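Here is how the chains run, residue by residue.
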Amino acid sequence: MELPSGFDPATGTFSNVSAPKIQSNYNTTSASYYSRNSSYSSYSSYRKYSIWDKFNDAIKSVGNWIDDIIEPVSGWISLIAMIIGGISLVIWIFSDSNLLYIILRFFGACIIGYILMIGLGIALYCISFIMKAIRFVFWNAWTLLITIAIVIGGWAYATYSSPSHNYTPTVQTNITKHDKYRCTATELNIRAQPTKNSLVLGTLRKGQEIEVIYIEKGFAAIEYNGQRGYASLKYLNKIN
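Now for a description of the structure that goes with this document. Bear in mind that the values here come from a model prediction, so they are computed numbers and not experimental data.

**Details of the packing of aromatic side chains**
Here the structure, examined in full by the defined rule, presents 3 aromatic pairs. With centroids separated by 5.9 Å and ring planes inclined at 50 degrees, the aromatic side chains of W52 and F55 adopt a geometry described as tilted. Within this pair, W52 and its partner F55 are both found in helix α1 (residues 51-93), separated by 3 residues, close to a single helical turn. W52 gets classed as partly exposed once you look at its relative accessible area, which sits at 33%. Judged by its relative accessible area of 32%, F55 is partly exposed. Here the aromatic rings of W52 and W142 are separated by 5.1 Å at their centres, their planes lie at 55 degrees, and the arrangement is tilted. With W52 in helix α1 and W142 in helix α3 (residues 141-160), this residue pair connects regions lying 90 residues apart in the sequence. Following the ring pairs from residue to residue traces out a cluster consisting of W52, F55 and W142.

Laid out in structure tokens, this is it:
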């Protein structure tokens, strides 16, 4: 009877047999080649499980988690919304003691409930679409990095290509240079551009006098700390 492969009869052990290595999909690559003796041989090479592989696995795990909670989240939202809506309609129906009004409100509640169900369905569809889009972002590390690059690129383009970035003031109404005005507001913002939403450079106090260079779009152009600023002409009175 033939002894098992690797068995050492002298020691009575399998000293020549080693346990198989546990291989992952990331660190093993198999290939085959055709040898001169007209037979195929194969070999395996091992690649280290890198930081990139760990990062990629983590992103995939997040994406799988998002995919798993899409349906439960939608279900809980719909359930909570229906419970709140149903309780609100019941309270509204029976808030009047008049029987006729209760009957009329009941039919009205049916119509309102139907409209709310349609709205809830549309809202759940939008939520599901957004969550699926987020799940696609976390498909793997590459999709996440590409999305981040697109967001940063869009932000940079919107910031540096906007008209306010390369703003060149256009004088609409010229007045005598160095005309003096007095601030009538308790605190008046000095802005970087003649718009209400532009960056605030500083403030003027009530009674403070300033020299106006020109007027544009209802704002007075002034010199403030060595730079051009704009204050609302509405709160400035010219000193005669």
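So much for the structure itself; the text now carries on.
**So, a nonpolar patch on the surface**
A contiguous nonpolar surface patch, about 1,100 Å² in accessible area, is contributed by W52, F55, W142, L145, I146, I148, I150, I152, W155 and Y160. Every element with two or more residues in the nonpolar patch is listed here: α1 and α3. Top element by residues in the nonpolar patch is α3. It accounts for 8 residues. With respect to the helices and strands, the residue I150 is situated in helix α3. With relative accessibility at 58%, the residue I150 sits in the exposed group.

What counts, and at which threshold
Residues numbered from 1 in each chain as written. Predicted model: local features only at pLDDT ≥ 70, side-chain atom pairs only at ≥ 80, totals over all residues. Heavy atoms only, no water. Phe/Tyr/Trp six-rings, centres within 6.5 Å; stacked < 30°, edge-to-face > 60°. Helix = DSSP H or I, 4+ residues; strand = E, 2+ residues; numbered from the N terminus. Buried < 20%, exposed > 50% of the residue type's maximum accessible area, 1.4 Å probe, protein only. Patch = residues over 30% accessible without salt bridge, like charges linked within 9 Å, V, L, I, M, F, W, Y side chains within 5 Å. Areas by Shrake-Rupley, 256 points an atom, 1.4 Å probe, with all protein chains shown as cover. Salt bridge = Lys/Arg side-chain N within 4 Å of Asp/Glu carboxyl O.

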